[in-house]
Amino acid sequence: MVALYLLLLLLGVALYFVVRRFRRRKGVATKPDTSAQNIVKSSPLSAEAANSGVLIGRDAFISYRSEDRSAAERICASLERENISCWIAPRDIQPGKEWATAIVEAIQSARVLIVVLSSNSRNARQIAREAELADKQGLTIITFRVENVEPPPALSYFLGDLQWLDGFGEQFNDAAARLAKVVREIGRKSTPLQLTQATPAAAEAEGRRARSWGPSAKKKVYFGLLLTAIAIAIICFTYFTPSPKEESATLRILMASSDGSLWAGFDDGGLARLAANNTWESFTRANTYGRLPSDSVHALAEGPDGSLWVGTGAGLARLDKLGNWESYTKASTNGGLPSDVVEYHGLAGGPDGFLWIATHSGGLARLDKDGHWQTYTQASTNGGLPEDDISGLAFTLDGSLWLGTYHGGLTRLDKDGNWQTYPKKTTEGLGYDIRGLACGSDGSLWVGIGGVGLAQLDKDGSWHNYTKFSTKGGLPTDRVKDVVPGADGSIWVTTGFGLTQLDKGGRWQTYTQASTKGGLPSDAVITMADGPDGSLWIATYSGGLARLDKDGRWQNYRIKAWPVRTM
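This structure is a prediction, so every number in the text was calculated from the model and none was measured.

**Side note on the overall build of the protein**
And then number 1: Counting its regular elements, the protein contains 9 helices and 35 strands.
And then number 2: Counting all 567 residues of the protein, 49% fall into the buried class.
And then number 3: Sequence-distant contacts in the protein: of pairs separated by 6 or more residues, those separated by 24 or more amount to 50%.
And then number 4: Carbon and sulfur atoms make up 52% of the accessible area of the protein, which totals about 28500 Å².

**Quick notes on the environment of L364**
And then number 1: With respect to the secondary-structure elements, L364 resides in strand 18 (residues 363–367).
And then number 2: Here L364 falls in the buried class, since its relative accessible area comes to 0%.
And then number 3: Measuring from C-alpha to C-alpha, the distance between L364 and Y376 comes to 5.0 Å, with 12 residues separating the pair along the chain.
And then number 4: With near-sequence residues (within four places) excluded, L364 lies in contact with W356, I357, A358, Q374, T375, Y376, L385, I390, L393, L401, L403 and W419.

**A short note on the pairing of strand 17 (residues 355–359)**
And then number 1: Within strand 17, 5 of the 5 residues are buried, which leaves it mostly tucked inside the rest of the structure.
And then number 2: Across the two faces of strand 17 the burial is the same, with L355, I357 and T359 and W356 and A358 all buried.
And then number 3: Where strand 16 (residues 342–349) lies against strand 17, 4 bridges are found, and the strand directions are antiparallel. Residue L347 lies in a different strand from strand 17, and its bridge partner there is I357.
And then number 4: Linkage of strand 16 to strand 17, two consecutive antiparallel strands, is achieved through a turn of 5 residues, within which G353 is found at a positive phi near 85°.
And then number 5: Pairing geometry for strand 17 and strand 18, over 5 bridges, is antiparallel.

**Remarks on the nonpolar core**
And then number 1: Residues I62, I75, L79, I114, F144 and L179 are the most contacted members of the largest nonpolar core, which totals 24 residues.
And then number 2: Mapped onto this core, the elements with two or more residues apiece are strand 2 (60–63), helix 3 (69–81), strand 4 (112–117), strand 5 (140–145) and helix 7 (172–189).
And then number 3: Per element, the largest residue contribution to this core is 7 residues, and it comes from helix 7.
And then number 4: Non-local contacts of L79, meaning those with residues more than four positions away in its chain, are made with I84, C86, I114, A176, L179 and A180.
And then number 5: One finds W87, L117, A128 and L139 within the second-largest nonpolar core, a separate group that totals 23 residues.

**Remarks on unusual backbone geometry**
Residues other than glycine predominantly adopt negative phi, and peptide bonds predominantly adopt the trans conformation.
And then number 1: Geometrically, the link from A89 to P90 is a cis peptide bond, its omega value of 0° lying close to zero.
And then number 2: Counting through the fold element by element, P90 comes out in the loop between strand 3 (86–87) and helix 4 (99–108).
And then number 3: A positive phi angle, near 65°, is found at N83, a position not held by glycine.
And then number 4: With respect to the helices, strands and loops of the structure, N83 is situated in the loop between helix 3 and strand 3.

**Side note on the pattern of salt bridges**
And then number 1: Under the criterion given, the structure shown has 18 salt bridges.
And then number 2: As a salt-bridge pair, D92 and R91 come within 3.0 Å of each other at their nearest N and O atoms.
And then number 3: The partly exposed category is assigned to R91, whose relative accessible area is 44%.

**Some thoughts on empty space enclosed by the protein**
And then number 1: Summed over all chains, the structure comprises 2 cavities of 30 Å³ or more.
And then number 2: Estimates place the volume of the second largest cavity at around 30 Å³.
And then number 3: If you trace the second largest cavity, you find it lined by R145, N148, D166, F168, Q171, D267, D268 and S296.
And then number 4: For the lining of the second largest cavity, the per-class residue count stands at 1 nonpolar, 3 polar and 4 charged.

**Regarding the packing of aromatic side chains**
And then number 1: This model, assessed by the stated rule, comprises 15 aromatic pairs.
And then number 2: An aromatic cluster of at least three residues, connected via ring pairs, comprises W356, Y376, F395 and W419.
And then number 3: The ring centre of Y344 lies 5.9 Å from the NZ or CZ of R252, which sits over that ring.

**Comments concerning the pairing of strand 12 (residues 297–302)**
And then number 1: The element strand 12 is extensively covered by neighbouring structure, given that 5 of its 6 residues are classed as buried.
And then number 2: When strand 12 meets strand 13 (residues 308–312), the two strands line up antiparallel, connected through 5 bridges. Its bridge partner being in strand 13, A301 is matched across the sheet by W309.
And then number 3: Counting the residues between successive antiparallel strands, the hairpin from strand 12 to strand 13 contains 5 residues, one of them, G306, with a positive phi of roughly 85°.

**Side note on the sheet that holds strand 32 (residues 525–530)**
Sheet strands associate in pairs through backbone hydrogen bonding, adopting either a parallel or an antiparallel arrangement.
And then number 1: Strand order in the open sheet formed by 4 strands is 32-33-34-35, and the pairing between neighbours is antiparallel. Strand pairing shows two members of the sheet lacking a second neighbour, strand 32 and strand 35 (554–557), which therefore form its edges. Adjacent strand axes in the sheet meet at a mean angle of 20° when their direction is disregarded.

**So, the sheet that holds strand 2**
And then number 1: Ordered by their spatial adjacency, 5 strands build an open sheet running 3-2-4-5-6, and the pairing between neighbours is parallel. Each of the sheet's edge strands pairs with one partner strand only, and the pair in question is strand 3 and strand 6 (164–166).
And then number 2: Direction of pairing for strand 2 relative to strand 3: parallel, over a ladder of 2 bridges. Across the sheet, the residue bridging to F61 is W87, located in strand 3.

How each quantity is defined
- Residues numbered from 1 in each chain as written.
- Predicted model: local features only at pLDDT ≥ 70, side-chain atom pairs only at ≥ 80, totals over all residues.
- Heavy atoms only, no water.
- Helix = DSSP H or I, 4+ residues; strand = E, 2+ residues; numbered from the N terminus.
- Buried < 20%, exposed > 50% of the residue type's maximum accessible area, 1.4 Å probe, protein only.
- Contact = heavy atoms within 4.5 Å.
- Areas by Shrake-Rupley, 256 points an atom, 1.4 Å probe, with all protein chains shown as cover.
- Pairing = 2+ DSSP bridges.
- Core = buried A, V, L, I, M, F, W, Y, C linked by side-chain atoms within 4.5 Å.
- Salt bridge = Lys/Arg side-chain N within 4 Å of Asp/Glu carboxyl O.
- 1 Å grid on protein atoms, 1.4 Å probe; cavity = no way out; pocket = protein on both sides within 12 Å on 5 of 7 lines; lining within 4 Å.
- Points joined across faces, edges and corners; volume = space filled by probe spheres on them.
- Nonpolar A, V, L, I, M, F, W, Y, C, P; charged D, E, K, R; others polar.
- Phe/Tyr/Trp six-rings, centres within 6.5 Å; stacked < 30°, edge-to-face > 60°.
- Lys NZ or Arg CZ within 6 Å of the ring centre and 35° of its normal.
- Axes fitted to C-alpha atoms, helices over the stretch in contact; angles between N-to-C directions.

Okay, structure coming up:
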C-alpha cells in the first residue's frame, strides 16, 4: 500500500510539471492576474456588465421543458441557496435580447449544463439543441430526473452514457444536495469564467500566444497527459475497484412481515427478503421476468391475506403467498393507478382491507378488495387534497387517513369521506417538506418535517413541537428523515445524525455509530422497522443494515452479504 501511495505521488508530481510546462509554453502567467479587467467572478449578470460587452459566466445553465418549469425553478433555488449561480430562462434573458442569442451566449459562458428530464422531454428539440451546443463547448452535462423515465432518442446521444441524478419523489432534496456538490467541484477545477468582446490588441496578443505554442509542442504535452491518465486509471482500477459482491444499491425501505421475514427495497437494486432462517433471497425485474415493474423500490405493504405489495418507480406489483407476481400500471388499470411512480413510503393498508397508494403527480389511489379503483386528486376533491404530489401517508386509530404533501401541508380524510386540510400558514410548527407520518399508540399523529423537527397532533387537536433546541439535544438535528412507530409505544425518528427514540415516558435516547461502538454502522439513518420478535431493523445510507435485538445486542449485515448488485 505504501508503494502504491509513492507511485501515485510520483505520478502527481510528473503531472504537475507537465501542466506547468503547458502553462508556460502557452504564455499564461504562473500567478493568476487578479485585476478587475482580466478576471470576472461568477455572479448574476448585471446591467452594467451587459452594456460593457462582458458576459459574466454562470456556474450552471438549466435546460428544461416549459411543462417542467416548476421543477427547474426549484432546482435553481436549491443551487443558489448554496451560492451556485444559475442561468435559467426566462428569468435571465435581458429585455430586448433575442431568445436564441441569449441561450447561445449563456451556454458558452457556463461550466455545467443541467438537463431536467421528465416524461415531458419526449418532444425536447430545444433541449437537444442546447445539449448539442454544450457538448461542442465541452461543458459537463448532468441529467436531473424529476420522473423515472429514459431519455428520448433526440437526447439519448448526449445523455445516455452520463451519470444521472434521480430527484423524483422524496429523493429531490438529496439529489439537489449532490448536484450542488458536483457543480461546486467542477467549479473548483475550472478557471474563472469570462467572455469579453475582442479588441485588436487582444487579438494580436492571442495570435502571438498561438504562434509560440505550435502543434509539435501541443502533441508532446497531450501525449504526456494521456500516458499519465492511463497509468492512474490502471492503478485505480486494479486497487480501488470493489468486487461485484461488495457493490449495492441504496437501501430505502424496510418492512417486517407477519411470517417473520424482513423485506428490504433498494434504489435501482430491486427487492430482498431475509427469511426467518437467516437466508437472503432477491427479486429484480430480470428474475421476475418484468413482473416487478422496476428495480427502484419505493414502498412496501402487507395485505390482509399475507401478500406483499411493492410500489416502484414504474408501477405497482403484488407477490402472493404462493410466489406468483402480478403487476399494475397506469395503462393496465385504465388510469385507476393515476401515475406509475409510487411515492416513497406511499403504500398503506387501511382498516377496511383496502390498499391506498400515493403517487407522484397523480394524486391518491385506492384499490378495494374486489379490485375496483378510485382516484383522488386536487381537482376531484375541490382542494381537499391540497396537491397531487404526496410525500407520505398513515392511518390513525380512529380510521382517518393522513396525507403529507411537499408544498400544501397536511390533510386528513376521515372514514366518512370528509377532507380537512392543515396548511403551514395556519398550523403552528407545521412546515412544508413533510418527511414521515406515524400513528402513536395513544392515537396521536406524529409528523416528521425536514428542517423543522417533529410535530405531534394529539387526540384533543392540540399541536406540540419538538426540535433540537426544545428537547435539549434529545433530537440530534431538526432535519428529520422518517418517523416510525415502535411496537412498545415508542416513536422512532431517523436523521442524518443517528437514530432517536422517544419512549412512552417522554425520555429521549439517541443511537449513533460512536455510542453503539459500531453496532449502528453509520449515523446516516434512512428508515427502520420493528421485527415481529421484538427486534429493531435499521437501514443506513452507507453502512448497510443493522439489527438491534430485544436484549440490546447489535448485528450488522454488510453490503457484501446482500444479494443485490448495482444496476
